[in-house]
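Geometric and topological summary
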Amino acid sequence: MAETSPQLGQHSAASITCVKKLAESPDLDSIPSHYTYYTNPAETMASDPHDSIPTIDLSLLTSDNPDHRSKAIHHLDKACEEWGFFMIVNHGIPEQLMRDVIDVTNEFFNLPEEEKPEFQPENVLEPIRYGTSFNTAKEKVFWWRDFLKVFVHPEFHCPHKPQSLREVVVEYCRKSREVVRKLLKGISESLGIEESEMEKCLGLDSSLQIFIANLYPRCPNPDVAVGIAQHSDHGLFTLLIQNQVAGLHIQHKGNWVHVNPLPNSILVNTGDHLEIFSNGKYKSVLHRAVVNKMKARISIAVANGPSADTVVSPPPRLLQTQGCRPAYVPMQYKDYVLAQQSNQLKGKSILERVQIRD
Ligand code: OGA
Ligand code: NI
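Residues numbered from 1 in each chain as written. Chains lettered and ligands numbered in written order. Predicted model: local features only at pLDDT ≥ 70, side-chain atom pairs only at ≥ 80, totals over all residues. Heavy atoms only, no water.

1. What to know about the sheet that holds strand 5 (residues 146-153)
In spatial order, the strands read 2-3-11-8-13-6-5-4; together these eight strands make up an open sheet with mixed pairing. A strand with exactly one partner marks an edge of an open sheet, and here the two such strands are strand 2 (55-57) and strand 4 (128-132). Between one strand and the next, the sheet's axes are offset by a mean angle of 25°, whatever the strand orientation. As paired elements, strand 5 and strand 6 (residues 207-216) share seven bridges and run antiparallel to each other. Bridge pairing in strand 6 links Lys 149 to Ile 212. Here helix 10 (residues 333-341) sits on the sheet and contacts strand 4, strand 5, strand 6 and strand 13 (297-307); the angle it forms with strand 13, its principal contact strand, is near 145°. (Pairing = 2+ DSSP bridges. Helix = DSSP H or I, 4+ residues; strand = E, 2+ residues; numbered from the N terminus. Axes fitted to C-alpha atoms, helices over the stretch in contact; angles between N-to-C directions. Contact = heavy atoms within 4.5 Å.)

Structure representation (structure tokens):
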């Protein structure tokens, strides 16, 4: 059991529904014990990378010039294989829309807590879910993070307040799907499969898309609290933007790398289902978020998967080319998401469960 801390009065850790309110208490000068995370100090060191995070120009990926296009596809292939992480520029999502989505999400987090219980279902697969940490039913130590998770495709859901949330999220997510389709088109070429085959195998017309807003309030003890511990994402590609406050780390060649994105770029990371679909060629990348004393951080992560019913496995043509057998047990996407969301999120633990070891 976590100890009852002075800041929490008589409330038990299990009844905590948000960290924002705690972070805003005027006399909070140290965090309660159930936010104190002990990590291996060597692992918390983010190194300076010798080579920098790749940048992909999305306009080249869709260029009519075959030379530009094939160079861009090669670049994408290398970025996914060597980093599992890259920034995209010339992506076609207006800067104003990116700013709006962060602002309107902030308005959601700023709604009085009394107005939020209607968005706090028990079931982790409910299409609208506001919460804190990741899965407080399973965690002893909580993450310094509140979140809003909304299923936005193939059926669009959204909290009904604040009023402008809906129109902004609809538009941002629609444009994000266009970006993901362009990336997947490039991936299908680099894997040597037809685009239409990929669309069919993954059920992309009814792809499951989840909008996740993360709020990391200011934290008096950023050295021992964690925003999100290291994990990989389910799905194919996650698109991430933030409110100009840094905090994302990715793992690259065994080191943690700080991510300082170019202005107006979108960060992209490979998910577990790109790893499964590519039969291990494109590994999902481990990443985490740290917190800071000075400024609240907001990030918007849009997870883009196959359709919920898809049983994800590598396409036969790819296995022929690789001359390999599938390296992961095929599993329906929605079952995978359920397994991930109803447990503690830890590294690549769910992917490891389905990995076939010879
Ligand atoms: C996530 C995530 C990182 C961040 O929501 O899955 O990894 O920087 N977020 O907020
Ligand atoms: Ni993530």
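2. Topic: the side chain of Gln 340
Within the secondary structure, Gln 340 is located in helix 10. Of the residues examined, Gln 340 reaches a relative accessible area of 5% and is grouped as buried. There is a polar contact of 3.4 Å between the side chain of Gln 340 and the backbone oxygen of Ser 232. The residues contacting Gln 340, other than those within four sequence positions of it, are Phe 134, Ser 232, Asp 233, His 234, Leu 345 and Ile 350. (Buried < 20%, exposed > 50% of the residue type's maximum accessible area, 1.4 Å probe, protein only. Polar contact = N/O pair within 3.5 Å; in protein donor to acceptor, adjacent residues only side chain to side chain.)

3. Describing the coordination of the nickel ion (ligand 2)
Tetrahedral coordination by four donors sets the ideal angle at the metal to 109.5 degrees; octahedral coordination by six donors sets it to 90 or 180 degrees. Looking at the nickel ion (ligand 2), the protein donor atoms are His 231 (NE2), Asp 233 (OD) and His 287 (NE2), and they sit 2.1 Å from it. Going along the chain, you hit the donors of the nickel ion (ligand 2) in the pattern H-x1-D-x53-H. Taken together, the positions of His 231 in strand 7 (residues 228-231) and His 287 in strand 12 (residues 287-289) put the pair 56 residues apart, joining distant regions of the chain. An identical accessibility class is assigned to His 231 and His 287; each is buried. (Donors = N, O, S within 2.8 Å, 3.2 Å for Na, K, Ca; no water.)

4. Some remarks on the site of ligand 1
Taken together, Asn 214, Tyr 216, Ile 228, His 231, Asp 233, Leu 240, Leu 248, His 287, Arg 297, Ser 299 and Ala 301 form the complete shell of residues around ligand 1. Within the contact set of ligand 1, an oxygen atom lies 3.3 Å away from a side-chain nitrogen or oxygen of Asp 233. Here an oxygen atom of ligand 1 and a side-chain polar atom of Arg 297 are 2.8 Å apart. Sorting elements by how many residues they give to the shell around ligand 1 places strand 13 first, with three residues. Tallied by class, residues from the shell around ligand 1 come to five nonpolar, four polar and two charged. (Near = heavy atom within 4 Å. Nonpolar A, V, L, I, M, F, W, Y, C, P; charged D, E, K, R; others polar.)

5. What about the side chain of Asn 214?
By the element assignment, Asn 214 lies in strand 6. Polar contacts involving the side chain of Asn 214 include one to the side chain of Arg 145, which spans 2.8 Å.

6. A few points about the packing of aromatic side chains
Taken as a whole and assessed by the stated rule, the structure comprises eight aromatic pairs. Centre to centre, the rings of Tyr 35 and Trp 144 are 5.0 Å apart; their planes meet at 75°, and the pair counts as edge-to-face. You can see Tyr 35 sitting in the loop between helix 1 (20-23) and helix 2 (41-44) and its partner Trp 144 sitting in the loop between strand 4 and strand 5, a full 109 residues away along the chain. Like Trp 144, Tyr 35 is buried. Between Phe 134 and Trp 143, the ring centres sit 5.7 Å apart and the planes meet at 35°, which makes this aromatic pair tilted. Its relative accessible area of 3% is what places Trp 143 among the buried residues. One aromatic cluster is present, formed by Phe 108, Phe 109, Phe 119 and Tyr 130 through successive ring pairs. When the ring centre of Phe 147 is taken as origin, the NZ or CZ atom of Lys 149, which lies over that ring, is 4.8 Å away. One residue, Arg 288, lies across the ring of Trp 256, its end atom 4.1 Å from the ring centre. (Phe/Tyr/Trp six-rings, centres within 6.5 Å; stacked < 30°, edge-to-face > 60°. Lys NZ or Arg CZ within 6 Å of the ring centre and 35° of its normal.)

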